[in-house]
Amino acid sequence: LQTMSGNEDDWLALKPQEPSPSQCCGSGCKPCIYDVYEKELAQWERAKAKKDKSLLMEKKEQSNNSELNPDTFTAFNISSVEQLTEDTYQYKFELLGNSSLQLSLGQHIVLRGVVNGLEVQRAYTPISPGNAEGYFEVLVKCYEAGLMSQYIKTWKKGDMVFWRGPFGGFPYRPNKYGELLMLASGTGLAPMLPILQSITDDEEDETFVTLVGCFRTFDKIYLKPLLQDLARYWNVRIFYVLSQETSLEKLPWSYQENTYIGRLAEDLMKTIINSCRRKPFVLICGSSAFNEDMNRYLKAAGIEENSCFVF
(Lines give C-alpha, C1' and ligand atoms only; values in the text may rest on other atoms or scores of the structure.)
Protein backbone atom coordinates (compact mmCIF):
# COMPACT_ATOMS: atom_id res chain seq x y z
CA LEU A 1 0.00 0.00 0.00
CA GLN A 2 1.08 3.53 -0.76
CA THR A 3 -0.24 5.03 2.47
CA MET A 4 3.16 4.77 4.22
CA SER A 5 4.42 8.23 5.04
CA GLY A 6 7.15 9.03 2.52
CA ASN A 7 9.71 11.51 3.76
CA GLU A 8 9.49 15.24 2.98
CA ASP A 9 11.84 14.97 -0.04
CA ASP A 10 9.62 12.38 -1.70
CA TRP A 11 6.64 14.69 -1.41
CA LEU A 12 8.58 17.69 -2.71
CA ALA A 13 9.62 15.67 -5.75
CA LEU A 14 5.93 15.06 -6.48
CA LYS A 15 4.91 18.70 -6.06
CA PRO A 16 3.53 20.21 -9.31
CA GLN A 17 5.84 22.73 -10.96
CA GLU A 18 4.48 26.24 -11.30
CA PRO A 19 4.22 27.10 -15.03
CA SER A 20 6.65 29.64 -16.45
CA PRO A 21 5.19 32.58 -18.44
CA SER A 22 6.36 30.99 -21.74
CA GLN A 23 3.99 28.11 -21.09
CA CYS A 24 0.92 30.33 -21.19
CA CYS A 25 -0.24 30.92 -24.78
CA GLY A 26 -2.05 34.13 -23.76
CA SER A 27 -5.28 33.25 -25.56
CA GLY A 28 -7.52 33.26 -22.50
CA CYS A 29 -8.04 29.47 -22.47
CA LYS A 30 -10.40 27.97 -19.91
CA PRO A 31 -8.76 26.18 -18.17
CA CYS A 32 -5.51 28.09 -18.56
CA ILE A 33 -2.32 26.19 -17.75
CA TYR A 34 -2.27 28.18 -14.49
CA ASP A 35 -5.77 26.88 -13.64
CA VAL A 36 -4.55 23.32 -14.25
CA TYR A 37 -1.56 24.01 -11.99
CA GLU A 38 -3.81 25.36 -9.17
CA LYS A 39 -5.97 22.24 -9.42
CA GLU A 40 -2.95 19.91 -9.33
CA LEU A 41 -1.43 21.84 -6.42
CA ALA A 42 -4.64 21.53 -4.38
CA GLN A 43 -4.70 17.80 -5.21
CA TRP A 44 -1.06 17.44 -4.09
CA GLU A 45 -1.75 19.31 -0.83
CA ARG A 46 -4.73 17.03 -0.08
CA ALA A 47 -2.65 13.91 -0.79
CA LYS A 48 0.23 15.18 1.36
CA ALA A 49 -2.10 16.00 4.28
CA LYS A 50 -3.52 12.47 4.09
CA LYS A 51 -0.06 10.99 3.39
CA ASP A 52 -1.62 9.05 0.51
CA LYS A 53 0.25 9.12 -2.80
CA SER A 54 -2.44 7.13 -4.59
CA LEU A 55 -4.52 10.36 -4.56
CA LEU A 56 -2.02 11.78 -7.09
CA MET A 57 -2.34 8.98 -9.60
CA GLU A 58 -5.09 10.51 -11.75
CA LYS A 59 -3.00 13.54 -12.67
CA LYS A 60 -0.09 11.54 -14.04
CA GLU A 61 -2.09 9.96 -16.84
CA GLN A 62 -1.64 11.39 -20.30
CA SER A 63 -4.42 10.49 -22.59
CA ASN A 64 -3.44 8.48 -25.67
CA ASN A 65 -6.89 7.68 -26.99
CA SER A 66 -6.66 10.60 -29.44
CA GLU A 67 -9.50 12.40 -27.67
CA LEU A 68 -8.90 16.09 -27.25
CA ASN A 69 -9.20 17.29 -23.65
CA PRO A 70 -8.91 20.86 -22.27
CA ASP A 71 -7.14 19.72 -19.08
CA THR A 72 -4.53 17.24 -20.27
CA PHE A 73 -2.35 17.03 -23.36
CA THR A 74 -3.10 14.24 -25.83
CA ALA A 75 -0.57 12.80 -28.29
CA PHE A 76 -1.44 13.00 -31.99
CA ASN A 77 0.50 11.50 -34.87
CA ILE A 78 1.64 13.71 -37.81
CA SER A 79 0.41 12.05 -41.01
CA SER A 80 1.68 14.62 -43.51
CA VAL A 81 3.75 17.80 -43.77
CA GLU A 82 3.26 20.22 -46.66
CA GLN A 83 5.24 23.41 -47.18
CA LEU A 84 2.96 26.17 -48.52
CA THR A 85 5.37 29.15 -48.66
CA GLU A 86 8.97 29.55 -47.54
CA ASP A 87 7.89 29.95 -43.89
CA THR A 88 4.39 28.42 -43.74
CA TYR A 89 3.45 24.78 -43.40
CA GLN A 90 0.29 22.73 -43.33
CA TYR A 91 0.37 19.76 -40.93
CA LYS A 92 -2.11 16.93 -40.96
CA PHE A 93 -2.72 14.91 -37.77
CA GLU A 94 -4.29 11.49 -37.51
CA LEU A 95 -7.44 10.81 -35.49
CA LEU A 96 -8.05 7.18 -34.58
CA GLY A 97 -10.96 5.24 -35.96
CA ASN A 98 -12.33 8.04 -38.17
CA SER A 99 -13.24 10.09 -35.12
CA SER A 100 -13.46 13.87 -35.45
CA LEU A 101 -12.26 16.68 -33.17
CA GLN A 102 -15.84 17.99 -32.87
CA LEU A 103 -14.69 21.59 -32.72
CA SER A 104 -17.24 24.34 -32.87
CA LEU A 105 -16.47 27.13 -35.33
CA GLY A 106 -13.24 29.06 -34.93
CA GLN A 107 -12.14 27.16 -31.82
CA HIS A 108 -8.41 26.88 -31.16
CA ILE A 109 -6.24 24.16 -29.64
CA VAL A 110 -3.00 24.56 -27.68
CA LEU A 111 0.28 22.96 -28.72
CA ARG A 112 3.01 22.05 -26.24
CA GLY A 113 6.64 22.08 -27.33
CA VAL A 114 9.95 21.74 -25.51
CA VAL A 115 12.90 23.80 -26.75
CA ASN A 116 16.27 23.71 -24.95
CA GLY A 117 14.53 22.27 -21.91
CA LEU A 118 12.00 25.14 -21.87
CA GLU A 119 8.33 24.28 -22.27
CA VAL A 120 6.40 26.57 -24.63
CA GLN A 121 2.70 26.63 -25.47
CA ARG A 122 0.96 28.30 -28.40
CA ALA A 123 -2.61 28.39 -29.69
CA TYR A 124 -3.51 27.41 -33.27
CA THR A 125 -6.86 27.13 -35.03
CA PRO A 126 -7.36 23.99 -37.14
CA ILE A 127 -8.27 24.87 -40.74
CA SER A 128 -10.01 21.55 -41.40
CA PRO A 129 -13.81 21.45 -40.94
CA GLY A 130 -14.74 20.70 -37.29
CA ASN A 131 -16.49 17.48 -38.36
CA ALA A 132 -13.61 16.20 -40.57
CA GLU A 133 -13.25 12.47 -39.90
CA GLY A 134 -9.95 10.72 -39.21
CA TYR A 135 -7.77 13.84 -39.32
CA PHE A 136 -7.36 17.53 -38.54
CA GLU A 137 -5.09 20.12 -40.19
CA VAL A 138 -3.23 23.10 -38.81
CA LEU A 139 -1.61 26.03 -40.65
CA VAL A 140 1.63 27.20 -38.99
CA LYS A 141 3.90 30.12 -39.79
CA CYS A 142 7.47 29.61 -38.57
CA TYR A 143 9.43 32.66 -37.39
CA GLU A 144 13.23 32.86 -37.43
CA ALA A 145 13.53 33.66 -33.74
CA GLY A 146 10.39 31.93 -32.47
CA LEU A 147 10.93 29.31 -29.78
CA MET A 148 7.91 27.28 -30.86
CA SER A 149 9.00 27.63 -34.51
CA GLN A 150 12.36 26.00 -33.69
CA TYR A 151 10.45 23.03 -32.29
CA ILE A 152 7.95 22.84 -35.17
CA LYS A 153 10.71 22.96 -37.81
CA THR A 154 11.96 19.57 -36.53
CA TRP A 155 8.59 17.84 -37.19
CA LYS A 156 8.50 14.93 -39.60
CA LYS A 157 5.76 12.58 -40.72
CA GLY A 158 5.16 9.99 -37.99
CA ASP A 159 6.18 12.27 -35.07
CA MET A 160 3.94 12.50 -32.00
CA VAL A 161 2.82 15.97 -30.97
CA PHE A 162 0.85 17.03 -27.88
CA TRP A 163 -2.33 19.15 -28.05
CA ARG A 164 -5.06 20.14 -25.60
CA GLY A 165 -8.34 21.97 -26.05
CA PRO A 166 -10.63 23.07 -27.55
CA PHE A 167 -10.95 26.69 -26.42
CA GLY A 168 -12.68 29.87 -27.53
CA GLY A 169 -14.58 29.95 -30.77
CA PHE A 170 -17.14 32.16 -32.44
CA PRO A 171 -20.76 31.28 -31.68
CA TYR A 172 -22.00 31.14 -35.29
CA ARG A 173 -25.54 30.16 -36.28
CA PRO A 174 -26.71 29.87 -39.91
CA ASN A 175 -28.46 33.02 -41.14
CA LYS A 176 -27.81 34.86 -37.88
CA TYR A 177 -26.02 37.67 -39.77
CA GLY A 178 -26.90 39.17 -43.14
CA GLU A 179 -23.24 39.40 -44.13
CA LEU A 180 -19.96 38.41 -42.52
CA LEU A 181 -16.95 40.57 -43.32
CA MET A 182 -13.81 38.55 -42.53
CA LEU A 183 -10.56 40.52 -42.14
CA ALA A 184 -7.60 38.15 -42.00
CA SER A 185 -3.89 38.84 -42.00
CA GLY A 186 -1.61 35.93 -42.98
CA THR A 187 -2.34 32.82 -40.91
CA GLY A 188 -5.28 34.78 -39.42
CA LEU A 189 -7.07 33.04 -42.29
CA ALA A 190 -7.21 29.87 -40.15
CA PRO A 191 -10.30 30.55 -37.97
CA MET A 192 -12.19 32.01 -40.96
CA LEU A 193 -12.00 28.87 -43.12
CA PRO A 194 -14.15 26.48 -41.01
CA ILE A 195 -16.84 29.19 -40.71
CA LEU A 196 -16.73 29.93 -44.44
CA GLN A 197 -16.88 26.22 -45.30
CA SER A 198 -19.80 25.62 -42.95
CA ILE A 199 -21.72 28.36 -44.82
CA THR A 200 -20.93 27.01 -48.30
CA ASP A 201 -21.71 23.42 -47.19
CA ASP A 202 -25.18 24.40 -45.92
CA GLU A 203 -27.66 25.06 -48.73
CA GLU A 204 -30.07 26.66 -46.26
CA ASP A 205 -27.46 29.20 -45.09
CA GLU A 206 -27.82 32.35 -47.19
CA THR A 207 -25.29 34.48 -45.31
CA PHE A 208 -23.19 36.67 -47.59
CA VAL A 209 -19.45 36.49 -46.92
CA THR A 210 -16.75 38.99 -47.88
CA LEU A 211 -13.30 37.68 -46.99
CA VAL A 212 -10.37 40.12 -47.14
CA GLY A 213 -7.00 38.35 -46.97
CA CYS A 214 -3.99 40.56 -46.26
CA PHE A 215 -0.61 39.19 -47.38
CA ARG A 216 2.72 40.71 -48.31
CA THR A 217 2.96 39.32 -51.83
CA PHE A 218 0.97 37.10 -54.20
CA ASP A 219 3.32 34.15 -53.43
CA LYS A 220 2.47 34.46 -49.75
CA ILE A 221 -1.25 33.78 -50.22
CA TYR A 222 -2.00 30.40 -48.62
CA LEU A 223 -4.36 27.72 -49.91
CA LYS A 224 -5.10 29.46 -53.22
CA PRO A 225 -6.98 26.47 -54.78
CA LEU A 226 -9.30 26.23 -51.76
CA LEU A 227 -9.95 29.98 -51.74
CA GLN A 228 -10.61 30.00 -55.50
CA ASP A 229 -13.17 27.19 -55.03
CA LEU A 230 -14.91 29.04 -52.21
CA ALA A 231 -15.03 32.27 -54.25
CA ARG A 232 -17.18 30.47 -56.87
CA TYR A 233 -20.16 30.33 -54.48
CA TRP A 234 -22.91 32.89 -55.20
CA ASN A 235 -22.72 34.35 -51.68
CA VAL A 236 -18.91 34.54 -51.26
CA ARG A 237 -16.50 37.28 -52.37
CA ILE A 238 -12.78 37.16 -51.70
CA PHE A 239 -10.47 40.17 -51.92
CA TYR A 240 -6.71 40.20 -51.48
CA VAL A 241 -4.68 43.12 -50.16
CA LEU A 242 -0.97 42.77 -50.99
CA SER A 243 1.25 45.20 -49.12
CA GLN A 244 4.50 44.57 -50.99
CA GLU A 245 3.42 43.91 -54.58
CA THR A 246 4.20 46.75 -56.99
CA SER A 247 1.63 46.28 -59.74
CA LEU A 248 -1.48 44.26 -60.53
CA GLU A 249 -0.21 43.53 -64.07
CA LYS A 250 2.16 40.86 -62.73
CA LEU A 251 -0.70 38.86 -61.19
CA PRO A 252 -2.71 36.17 -63.02
CA TRP A 253 -5.68 37.96 -64.67
CA SER A 254 -8.18 36.01 -62.54
CA TYR A 255 -6.80 37.81 -59.46
CA GLN A 256 -6.47 41.29 -60.89
CA GLU A 257 -10.02 42.54 -60.35
CA ASN A 258 -10.28 41.42 -56.71
CA THR A 259 -6.80 42.41 -55.52
CA TYR A 260 -5.63 45.71 -54.03
CA ILE A 261 -2.00 46.81 -53.80
CA GLY A 262 -0.85 48.50 -50.58
CA ARG A 263 -2.26 48.20 -47.07
CA LEU A 264 -5.79 47.72 -45.82
CA ALA A 265 -6.20 51.31 -44.62
CA GLU A 266 -9.19 53.48 -43.73
CA ASP A 267 -10.20 54.45 -47.31
CA LEU A 268 -10.08 50.89 -48.62
CA MET A 269 -12.01 49.69 -45.55
CA LYS A 270 -14.80 52.20 -46.33
CA THR A 271 -14.84 51.08 -49.99
CA ILE A 272 -15.17 47.41 -48.99
CA ILE A 273 -17.86 48.09 -46.37
CA ASN A 274 -19.84 50.21 -48.86
CA SER A 275 -19.69 47.32 -51.33
CA CYS A 276 -21.14 44.86 -48.78
CA ARG A 277 -24.64 43.76 -49.71
CA ARG A 278 -25.94 43.99 -46.14
CA LYS A 279 -24.68 45.66 -42.96
CA PRO A 280 -21.79 43.39 -42.04
CA PHE A 281 -20.83 41.67 -38.82
CA VAL A 282 -17.02 41.71 -38.79
CA LEU A 283 -14.59 38.92 -37.83
CA ILE A 284 -10.94 39.93 -37.34
CA CYS A 285 -7.83 37.79 -36.98
CA GLY A 286 -4.19 38.82 -37.26
CA SER A 287 -1.38 40.27 -35.19
CA SER A 288 -2.38 42.52 -32.29
CA ALA A 289 -1.26 45.56 -34.35
CA PHE A 290 -3.46 44.44 -37.27
CA ASN A 291 -6.44 43.86 -34.95
CA GLU A 292 -6.07 47.34 -33.40
CA ASP A 293 -5.79 49.00 -36.82
CA MET A 294 -8.87 47.16 -38.11
CA ASN A 295 -10.91 48.18 -35.06
CA ARG A 296 -9.91 51.80 -35.63
CA TYR A 297 -10.77 51.78 -39.35
CA LEU A 298 -14.09 50.03 -38.71
CA LYS A 299 -15.03 52.65 -36.12
CA ALA A 300 -14.21 55.39 -38.63
CA ALA A 301 -16.45 53.58 -41.13
CA GLY A 302 -19.32 53.57 -38.64
CA ILE A 303 -19.19 49.90 -37.56
CA GLU A 304 -20.02 49.55 -33.85
CA GLU A 305 -17.87 47.47 -31.50
CA ASN A 306 -20.78 45.11 -30.83
CA SER A 307 -20.71 44.23 -34.54
CA CYS A 308 -17.13 42.88 -34.37
CA PHE A 309 -15.48 39.73 -33.05
CA VAL A 310 -11.72 39.40 -32.69
CA PHE A 311 -10.13 35.94 -32.60
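Residues numbered from 1 in each chain as written. Predicted model: local features only at pLDDT ≥ 70, side-chain atom pairs only at ≥ 80, totals over all residues. Heavy atoms only, no water.

### A few points about the overall build of the protein
- Along the backbone of the protein there are nine helices and 12 strands.
- If one aligns the C-alpha atoms of the protein with their principal axes, the spans along those axes are about 75 × 40 × 35 Å.
- Each of the 311 residues in the protein was classed as buried or not, and the buried ones make up 48%.
- Carbon and sulfur atoms make up 48% of the accessible area of the protein, which totals about 16100 Å².
- Positive and negative side-chain charges in the protein, numbering 33 and 40 respectively, have mean positions lying 4 Å apart. (Helix = DSSP H or I, 4+ residues; strand = E, 2+ residues; numbered from the N terminus. Buried < 20%, exposed > 50% of the residue type's maximum accessible area, 1.4 Å probe, protein only. Areas by Shrake-Rupley, 256 points an atom, 1.4 Å probe, with all protein chains shown as cover. Lys, Arg positive; Asp, Glu negative; His and termini not counted. Charge placed at Lys NZ, Arg CZ, Asp CG, Glu CD.)

### Brief notes about the sheet that holds strand 10 (residues 259-261)
- One open sheet holds the six strands; their spatial order is 10-9-8-7-11-12, and the pairing between them is parallel. On the outer flanks of this sheet lie strand 10 and strand 12 (308-310), each paired with one strand and no other. Direction aside, the axes of adjacent strands within the sheet are offset by 15° on average.
- Sheet topology places strand 8 (residues 208-215) next to strand 9 (residues 236-242); seven bridges connect them, and they run parallel. Bridge pairing in strand 9 links Thr-210 to Arg-237.
- Helix 5 (residues 192-201) contacts strand 7 (179-185), strand 8, strand 9 and strand 11 (280-285) of the sheet and is inclined by roughly 150° relative to strand 7. (Pairing = 2+ DSSP bridges. Axes fitted to C-alpha atoms, helices over the stretch in contact; angles between N-to-C directions. Contact = heavy atoms within 4.5 Å.)

### Focus on the packing of aromatic side chains
- Considering all chains together, one arrives at 22 aromatic pairs under this definition.
- Summarising the aromatic geometry, the rings of Tyr-240 and Tyr-255 are spaced 5.5 Å apart at their centres and angled 50° between planes, so their arrangement reads as tilted. With Tyr-240 in strand 9 and Tyr-255 in helix 7 (residues 253-256), this pair connects stretches of sequence that are 15 residues apart.
- The class of Tyr-240 is buried, set by a relative accessible area of 1%. (Phe/Tyr/Trp six-rings, centres within 6.5 Å; stacked < 30°, edge-to-face > 60°.)

### A short note on the pairing of strand 2 (residues 88-94)
- Of all the seven residues making up strand 2, five are buried; the element is thus mostly covered by neighbouring parts of the structure.
- Judged from the six bridges that link them, strand 1 (residues 74-85) and strand 2 form a sheet pairing that is antiparallel. Pairing of Gln-83 across the sheet is with Tyr-89, part of strand 2.
- Linkage of strand 1 to strand 2, two consecutive antiparallel strands, is achieved through a turn of two residues.
- Examined bridge by bridge, strand 2 and strand 5 (residues 135-141) share seven bridges and lie antiparallel to one another. Bridge pairing in strand 5 places Gln-90 opposite Leu-139.

### Remarks on the layout of surface pockets
- Computed from the structure, the largest pocket encloses a volume of approximately 1400 Å³.
- What lines the largest pocket is a set of 49 residues, and nearest its centre among them are Ser-185, Thr-187, Gly-188, Gly-286 and Ser-287.
- Where the lining of the largest pocket is concerned, the elements lending two or more residues are strand 4 (118-124), strand 5, helix 4 (147-152), strand 8, helix 9 (288-300) and strand 12.
- Per-element accounting of the lining of the largest pocket gives the leading share, seven residues, to helix 9.
- Here the residues of the lining of the largest pocket sort into 24 nonpolar, 19 polar and six charged. (1 Å grid on protein atoms, 1.4 Å probe; cavity = no way out; pocket = protein on both sides within 12 Å on 5 of 7 lines; lining within 4 Å. Points joined across faces, edges and corners; volume = space filled by probe spheres on them. Nonpolar A, V, L, I, M, F, W, Y, C, P; charged D, E, K, R; others polar.)

### Notes on the packing of helix 8 (residues 266-275) against helix 9
- Here helix 8 crosses helix 9 at 60°, and the two axes come no closer than 9 Å. Between helix 8 and helix 9, the crossing angle belongs to the class labelled oblique. Remark: the crossing between helix 8 and helix 9 carries right-handed chirality. Across the interface between the two elements, Glu-266, Met-269, Lys-270 and Ile-273 from helix 8 touch Met-294, Tyr-297, Leu-298 and Ala-300 from helix 9.
- Within the contact of helix 8 with helix 9, the residues separate by chemical class into six nonpolar, no polar and two charged. (Parallel < 35°, antiparallel > 145°, perpendicular 65-115°, else oblique. Left-handed = near helix turned anticlockwise from the far one by under 90°.)

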